[in-house]
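Below are the chains, spelled out letter by letter.
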Amino acid sequence: MELILLSVLLWVALTGLSYVVGVSLCAYYFQSKRLWWGLLAVTFVPFLPFEFLEQQEAIPSVLLHDNLQQYAEPLIAMTRNVRVTLPWLEVLFTTLAIVYCVGLIFHLGVLLTQYKRIKYLCLSASRVESYSQALYQLPITCSPFVFGLLKPKIYLPMEFEDLPKDEQEALIFHELTHVNKGDHIAVMVWRLCCVIAWFNPFIAKMEQSFIRAMEYRCDELTIARYQIEPLVYSRALINSLKRVKLQTPVDIAASFASNSLTLDDYKKRFTIILKPQSKPNNWPLFAFFILSCSVLAYGNLQWARVTVSSNTMWQLPVENPMITSHFGHISSFRHNKAHQGVDFAGSTGDSVMTVAAGIVTVADNTTLAKNYGKVVLIQHDNGYQSLYAHLYSIDVAVGEKVLKGEMIGTIGETGRVTGPHLHLEILHQNTRIDPLKRLEI
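Below, the structure is looked at part by part. (Residues numbered from 1 in each chain as written. Predicted model: local features only at pLDDT ≥ 70, side-chain atom pairs only at ≥ 80, totals over all residues. Heavy atoms only, no water.)

**Quick look at the overall build of the chain**
- If you tally the helices and strands in the chain, you get nine helices and 17 strands.
- With 441 residues in all, the chain has 47% of them scored as buried.
- Across the chain, the fraction of contacts at a sequence separation of at least 24, relative to all contacts at a separation of at least 6, is 71%.
- Of the roughly 21700 Å² that the chain leaves accessible, carbon and sulfur atoms contribute 63%. (Helix = DSSP H or I, 4+ residues; strand = E, 2+ residues; numbered from the N terminus. Buried < 20%, exposed > 50% of the residue type's maximum accessible area, 1.4 Å probe, protein only. Contact = heavy atoms within 4.5 Å. Areas by Shrake-Rupley, 256 points an atom, 1.4 Å probe, with all protein chains shown as cover.)

Right under this line is the structure:
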């Protein structure tokens, strides 16, 4: 739980830093939509599971042979111990989870309401027959916009046919450029990101910056591709702006005069239209993203290694440890073979905890040798694995991520044993090692 909360706080801080960097880069790449897609992607790099790339095979071959199975000594019964938890942390985590779910439902409701409102509005539109494109005229005053994901359509205001021919074409060509570039899909993706991450204000700011860059780029492409006079295009934009305050909100659609843009944004937009600026080289931006991702990925991997190395000693798997058989012990019960693990005394039902964080790779009584009984095998960082045998119950599933000290099952006497106990093995790169060299005794 602590890890989840810290990860969320780190992600919010990283998105804030990415937004600040993006604002600085906008001075040169103000028309780049890739800038904001890239900055959004960079924020997730530190959370990719690079630390598991160096793991060894999930199930060591030495565990699959019966002749290498080690057995336990008779054990001394102990009083059951209940694992102590931090109730305040659980309450906090549960409260935050409920708050997030409530906020998510609310924002999803707002998004669906907007979508239905625009959908019903579009049903009242009539086809414009004077153009070959899929154009529809609405019975209200609004700015032209594109709506629809799989089959996008262009919707025009009711006074569209009263506009000069050159302004009509400017409006149509602008929306066609949005469709050709998939901007209507991009706007919806950003809206969904804002809904899912409603608690992160920087995602909404990045969305506004993306829409700003999208419109700048669309203006440039429209004027260049369809050879429109900048003055005509500017006049068409001004007339659309006059209709913005009266329009139905279309924040989830690509629009010629978007509500997401401020007055300063439109001033800059007119400046760019009337005085086009030279397009900067994209190679420095591409190099910046490669460098940022490399640094964050390297830091992620190094942090995982430092975490493992700084936590050289692992936690004991039981509350009150009493060792009944050490690593390497010789006994006739094991046919005079060296013990390959450590046995901890306990009573049936006593809690068994993970010695370190990792991923569960085995959680049954069939995958490994039957003498283990019910067993859990966990893959840790840097090629380490821990095995917990003879369990009474298993509380985890294969593929589940577990934290250090998390309960994974209970002590039992399944398999070939003479009494209830926990048999613990530690493996490193397919070789068993003495668990006591890693455990906090």
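Let us keep going from here.
**Comments concerning a nonpolar patch on the surface**
- A grouping of W37, L149, L150, I185 and V189 is seen on the molecular surface, where their side chains present a nonpolar patch of about 480 Å² in accessible area.
- Tracing the backbone through its elements, the reader meets V189 in helix α5 (residues 183-196).
- Here V189 falls in the partly exposed class, since its relative accessible area comes to 33%. (Patch = residues over 30% accessible without salt bridge, like charges linked within 9 Å, V, L, I, M, F, W, Y side chains within 5 Å. Salt bridge = Lys/Arg side-chain N within 4 Å of Asp/Glu carboxyl O.)

**Side note on the nonpolar core**
- Membership of the largest hydrophobic core comes to 49 residues, with the highest contact counts inside it found for L35, W36 and M206.
- Per-element accounting of this core gives the leading share, seven residues, to helix α6 (residues 201-226). (Core = buried A, V, L, I, M, F, W, Y, C linked by side-chain atoms within 4.5 Å.)

**Some thoughts on the pairing of strand β13 (residues 384-394)**
- In terms of burial, β13 is largely enclosed, as nine of its eleven residues are buried.
- In terms of strand pairing, strand β12 (residues 374-379) meets β13 through five bridges, oriented antiparallel. Looking at the pairing, I378 lines up with S386 of β13.
- Hairpin connection from β12 to β13: four residues lie between these consecutive antiparallel strands, with N382 at a positive phi of about 60°.
- By the bridge criterion, six bridges tie β13 to strand β16 (residues 421-428) in an arrangement that is antiparallel. Bridging from a neighbouring strand, Q385 pairs with L427 of β16.
- One ladder, built from three bridges, connects β13 with strand β15 (residues 407-411); its direction is antiparallel. Within β15, the residue paired with I394 across the bridge is G409. (Pairing = 2+ DSSP bridges.)

**Things to note about the packing of aromatic side chains**
- Taken as a whole and judged by the stated rule, the model has 17 aromatic pairs.
- Pairing Y19 with W36 gives two aromatic rings, centres 6.1 Å apart and planes at 40°, and the pair type is tilted. Note that Y19 is positioned in helix α1 (residues 2-25) and W36 in helix α2 (residues 33-42), a separation of 17 residues in sequence.
- The exposure class of W36 is buried, given its relative accessible area of 0%.
- Ring plane angle 15° and centroid distance 6.2 Å describe the contact between Y100 and W198, whose orientation is recorded as stacked. Taken together, the residues Y100 in helix α3 (residues 87-123) and W198 in the loop between α5 and α6 connect sequence positions 98 residues apart.
- Taking the relative accessible area as the measure of exposure, Y100 reaches 25% and is therefore partly exposed.
- Overall, W198 belongs to the partly exposed group, its relative accessible area being 26%.
- Put simply, the rings of W11, F44, Y100, W198 and F199 touch in pairs and so form one group of aromatic residues.
- A cation over an aromatic ring shows up here: R438 above the ring of Y384, its NZ or CZ 4.3 Å from the ring centre. (Phe/Tyr/Trp six-rings, centres within 6.5 Å; stacked < 30°, edge-to-face > 60°. Lys NZ or Arg CZ within 6 Å of the ring centre and 35° of its normal.)

**Brief notes about the side chain of H390**
- Note that H390 resides in strand β13.
- There is a polar contact of 2.8 Å between the side chain of H390 and the backbone oxygen of T414.
- Once you skip the residues sitting within four places of it in the chain, H390 turns out to touch N371, Y372, K374, I411, G412, E413, T414, G415, R416, V417, H421 and H423. (Polar contact = N/O pair within 3.5 Å; in protein donor to acceptor, adjacent residues only side chain to side chain.)

**Structural notes on helix α8 (residues 263-274)**
- Relative to the 16 Å expected for twelve residues at 1.5 Å per residue, α8 spans 17 Å between its end C-alpha atoms, a close match to the ideal helical length.
- D265, Y266, R269, F270, I272 and I273 are the residues of α8 that are buried. When α8 is viewed along its axis, its buried side chains cluster within an angular range of 160° and face the same direction. Along α8, the residues that are exposed and aim more than 90 degrees away from the buried face are L263 and D264.
- On the buried face of α8, the contacting elements are α4 (165-180), α6 and α7 (230-241). (Expected span 1.5 Å × (residues − 1). Arc of directions from axis to C-beta.)

**Details of the sheet that holds strand β1 (residues 126-127)**
- Read across the sheet, five strands follow the order β1-β2-β4-β3-β5 without closing on themselves; strand pairing throughout is mixed. The sheet terminates laterally at β1 and β5 (254-255), the two strands that pair on one side only.
- With two bridges connecting them, strand β3 (residues 145-147) and β5 associate as antiparallel partners. If you follow V146 over to β5, its bridge partner there is A254.

**Let's talk about the state of the cysteines**
- Applying the stated rule across the entire model yields zero disulfides.
- C142 carries a free sulfur, and the closest cysteine sulfur to it, the one in C122, is 9.0 Å from it.
- Relative accessible area serves as the criterion here: at 1%, C142 is assigned to the buried category. (Disulfide = S-S within 2.5 Å.)

**Here's the deal with unusual backbone geometry**
- The phi angle at Q227 is positive, at roughly 55°, despite the residue not being glycine.
- Among the secondary structure elements, Q227 is positioned in the loop between α6 and α7.
- The exposure class assigned to Q227 is exposed, which follows from its relative accessible area of 67%.
- The phi torsion at Q429 lies on the positive side, around 55°, for a residue other than glycine.
- Looking at the secondary structure, you find Q429 in the loop between β16 and β17 (431-433).
- Take Q429: its relative accessible area is 46%, and that puts it in the partly exposed class.

**As for the environment of N239**
- Residue placement: N239 occurs in helix α7.
- With 96 residues separating them along the chain, N239 and S143 place their C-alpha atoms 8.7 Å apart.
- A distance of 2.7 Å separates the side chain of N239 from the side chain of E167, its partner in a polar contact.

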